[in-house]
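These are the residues of each chain, in order.
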Amino acid sequence: MSASTTSIHIMALDGIVNVNSLFTLALFVGLTITSPDTAFVGGSGGIDTACAAGTSVAEGLISSHVHSFSCFLFSSLIALALKNIINIRKTVEDGDNIDAFGGGSNSKVVHFAASFIGEVNAVSLRVGTLVSAFGSVFGCGFLVMALVDLVQIKLGTFGCGSSRYSIAAVAPLLVLVPTALLIYVSLVLYAFTR
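All values derive from a computational prediction rather than experimental measurement. (Residues numbered from 1 in each chain as written. Predicted model: local features only at pLDDT ≥ 70, side-chain atom pairs only at ≥ 80, totals over all residues. Heavy atoms only, no water.)

Quick word on the overall build of the chain
A count of helical and extended segments in the chain gives 5 helices and 0 strands. When the helices and strands of the chain are read in sequence order from the N terminus, they spell out α-α-α-α-α. Among the 194 residues that make up the chain, the fraction classed as buried is 32%. Across the chain, every contact between residues at least 6 apart in sequence was considered, and the portion connecting residues at least 24 apart equals 81%. Only carbon and sulfur atoms are counted for the fraction: they give 70% of the accessible area of the chain, which is about 11400 Å². (Helix = DSSP H or I, 4+ residues; strand = E, 2+ residues; numbered from the N terminus. Buried < 20%, exposed > 50% of the residue type's maximum accessible area, 1.4 Å probe, protein only. Contact = heavy atoms within 4.5 Å. Areas by Shrake-Rupley, 256 points an atom, 1.4 Å probe, with all protein chains shown as cover.)

Structure representation (C-alpha cells):
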C-alpha cells in the first residue's frame, strides 16, 4: 500500500470519526432540551391533549437516541482501530524509534510488536471502512427518527389540527438527509471499488 493511499485512508477515517463526534454531540443536546414540561402547548396557552405526543413517542425518542449513539460509537471505534493499525504498521515499516517503554528502537517490545503486525490487507481496510461508513449511515437514520419524535413532542403530533407546523419542520429533514445519505453511500461504494 503506497504512502498516498495510506494518507487518504487515514483522512477518510478521520472524517468518519469527526462527523460521528458532531452527531453524538447533537444527540446529547437533543436529549437535554427534551423534557415533559416543554411539551406541545396549544394556541390557548394550555397543553392541548389532542395534539400532545404520547408516551410511545417519548419512548421512541429515547430509544432512537440510544440506537443512534450505538451506531456512531460502533462506527468510530472501527474507524479508530483501522487508523491505529495503519499507523502502527507505518511506524514499524519506517523503522521509527518506538520508545513506549524506554527501550528505543532496539527494544524487544518493538520486535515483538513487529512480529505480530502483518501487512495491512487492502481488502480488510476497505471492508472495515465500508462497515464504519454504514454504521454512520444507520446512526443518521436513527438520528432522523429521533428528530421526528422530537418535533412531535414540541410541535404536536402529525394527526392533529396544527400538524402543518410539524410537517413543515420534518419535510426538509426527510428530503435532505436521505438525499445526502444516498450521495454518501454512492461515493463510499464507488471508493470501495477503487
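Now that the structure has been shown, we can carry on.
A word on the nonpolar core
Ranked by size, the top nonpolar core spans 8 residues in total: Ile10, Leu13, Ile16, Val17, Ala79, Leu82, Ile86 and Leu125. Put simply, the parts of the chain that give this core at least two residues each are helix H1 (3-33) and helix H2 (55-94). Considering each element in turn, this core owes the most residues, 4 residues, to H1. In this view, leucine 82 contacts Leu13, Ser124, Leu125, Gly128 and Thr129; residues no more than four positions away in its chain are not counted. (Core = buried A, V, L, I, M, F, W, Y, C linked by side-chain atoms within 4.5 Å.)

Observations regarding the side chain of threonine 157
Mapped onto the elements of the fold, threonine 157 is located in the loop between helix H4 (122-155) and helix H5 (163-192). Of the residues examined, threonine 157 reaches a relative accessible area of 16% and is grouped as buried. Dropping the residues within four chain positions of it, threonine 157 is found in contact with Ala50, Cys51, Ala52, Ala53, Gln152, Ser163 and Ser166.

A few points about the packing of H4 against H5
Pairs of packed helices are described in terms of their axes, by the angle between the two and the distance that separates them. For the pair H4 and H5, interaxial distance at closest approach is 10 Å and the crossing angle is 180°. Taken as axis vectors, H4 and H5 run roughly antiparallel relative to one another. (Axes fitted to C-alpha atoms, helices over the stretch in contact; angles between N-to-C directions. Parallel < 35°, antiparallel > 145°, perpendicular 65-115°, else oblique.)

Observations concerning the pattern of salt bridges
Working definition: two side chains of opposite charge can pair if their charged atoms are close together. One pass over the structure, following the stated rule, counts 1 salt bridge. The salt bridge involving aspartate 14 is made with lysine 83; its shortest N-O contact spans 2.6 Å. Here aspartate 14 is found in helix H1, whereas its partner lysine 83 is found in helix H2, with 69 residues between them in sequence. Relative accessible area serves as the criterion here: at 25%, aspartate 14 is assigned to the partly exposed category. (Salt bridge = Lys/Arg side-chain N within 4 Å of Asp/Glu carboxyl O.)

Quick look at a nonpolar patch on the surface
A cluster of nonpolar side chains, contributed by Phe28, Leu31, Ile62, Val66, Phe69, Leu73 and Leu77, occupies part of the molecular surface with about 590 Å² of accessible area. With 5 residues, H2 is the single largest residue contributor to the nonpolar patch. Note that leucine 73 resides in helix H2. (Patch = residues over 30% accessible without salt bridge, like charges linked within 9 Å, V, L, I, M, F, W, Y side chains within 5 Å.)

A look at the UniProt feature "transmembrane region" (unreviewed entry) in the chain
The feature "transmembrane region" (unreviewed entry), as annotated in UniProt, sits at residues 12-33, 65-82, 127-147 and 167-192 in this numbering. In the segment residues 127-147, helix accounts for 100% and strand for 0%; the C-alpha atoms at its two ends are 30 Å apart. Segment residues 167-192 splits into 100% helix and 0% strand. End C-alpha atoms: 37 Å apart. (UniProt positions renumbered as here; feature names shortened; annotations may be inferred.)

Quick word on the state of the cysteines
This structure, assessed with the given rule, holds 0 disulfides. Its sulfur unpaired, cysteine 140 is 9.5 Å from the next cysteine sulfur, which belongs to cysteine 71. (Disulfide = S-S within 2.5 Å.)

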